[in-house]
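Results of the structural survey
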Amino acid sequence: MKSLRPTLRTLLAATAIGLATLGHATAADDEVTMFKDPNCGCCGKWAEHMRANGFKVKEVATGEMGAIKRTAGVPQALGSCHTAKVGGYVVEGHVPAADVKRMLADKPAITGISAPGMPMGSPGMEGPYPSDRYDVVSFDAEGKTAVFASH
């Protein structure tokens, strides 16, 4: 019985660490780091949309957006004005918060999602003009894409 105590203690400690890590990972899912051009106003409006939907958003202004997109694995055809990271995924452009929440809940085997270009009427791009119909597209490290959501 004496030899089981260290094993039981180790098991309990590992379980506690696992539970603490699980809680940390879940809490981190709502933390968004958004990289944007310092002169872009619509990016800040997307950040406000995300905050209004329960996310914590850190805005990082940089003149190195091309390098950030390449490092994040964003296919050139899916590029937009800002690049965000949340829950281990990349979110490119004016993706609605509901799509980000769905991605974080479903945890698909993708690199991220994008609203390519700057669709009129998407979060941060609202205005007096008619909204565009647009797709949010998922992408993976091999360049495979698929429609994630349509708006």
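Residues numbered from 1 in each chain as written. Predicted model: local features only at pLDDT ≥ 70, side-chain atom pairs only at ≥ 80, totals over all residues. Heavy atoms only, no water.

Things to note about the overall build of the chain
The cut-off we apply is this: By definition, any uninterrupted DSSP run of H or I lasting at least four residues is a helix, any uninterrupted run of E lasting at least two residues is a strand, and each is numbered from the N terminus. Only protein chains enter the accessibility calculation, which uses a 1.4 Å probe; a residue whose area is less than 20% of its type maximum is buried, one above 50% is exposed, and one in between is partly exposed. Throughout, a contact is declared for two residues whenever any of their heavy atoms are within 4.5 Å. Surface accessibility in these figures is a Shrake-Rupley result with a 1.4 Å probe; residues are shielded only by whichever protein chains are displayed.
Looking only at helices and strands, the chain features 4 helices and 7 strands. The buried share of the chain, reckoned over its 151 residues, is 38%. Put simply, of all contacts in the chain between residues at least 6 apart along the chain, 52% involve residues at least 24 apart. On the chain, roughly 8600 Å² of surface is accessible, and the fraction owed to carbon and sulfur atoms is 59%.

Brief notes about the nonpolar core
Heads up, the rule is: What we call a nonpolar core is a set of buried Ala, Val, Leu, Ile, Met, Phe, Trp, Tyr and Cys residues that are connected through their side-chain atoms within 4.5 Å.
With 27 residues, the main nonpolar core has V32, M50, F55, V91, V100, I113 and V136 as its most contacted residues. Counting residues per element, the ones that place at least two in this core are β1 (31-36), α2 (42-52), β3 (83-86), β4 (89-93), α4 (97-106), β5 (112-115) and β7 (145-150). Not counting the four nearest positions on each side in its chain, M50 is found in contact with V32, F55, V57, V95, A97 and V100. A72, L78, V137 and F139 belong to the second-largest nonpolar core, a separate cluster that totals 6 residues.

Overview of the pairing of β4
For the record, the criterion: Strands are treated as partners if at least two bridges between them are detected by DSSP. Convention used here: a crossover is right-handed provided that the path from the first strand, over the helix, to the second strand proceeds clockwise when the strands point away from the viewer.
In terms of burial, β4 is largely enclosed, as 5 of its 5 residues are buried. Here β3 pairs with β4 via 4 bridges, running antiparallel. Each residue of the ladder has a partner; that of A84, found in β4, is V91. In this antiparallel pair of consecutive strands, β3 and β4, the connection spans 2 residues, and G87 shows a positive phi of 55 degrees. Relative to β5, β4 runs parallel, the two sharing 4 bridges. Residue pairing for β5: G93 is matched across the bridge by A115. Read from β4 through α4 to β5, the crossover connection turns out left-handed.

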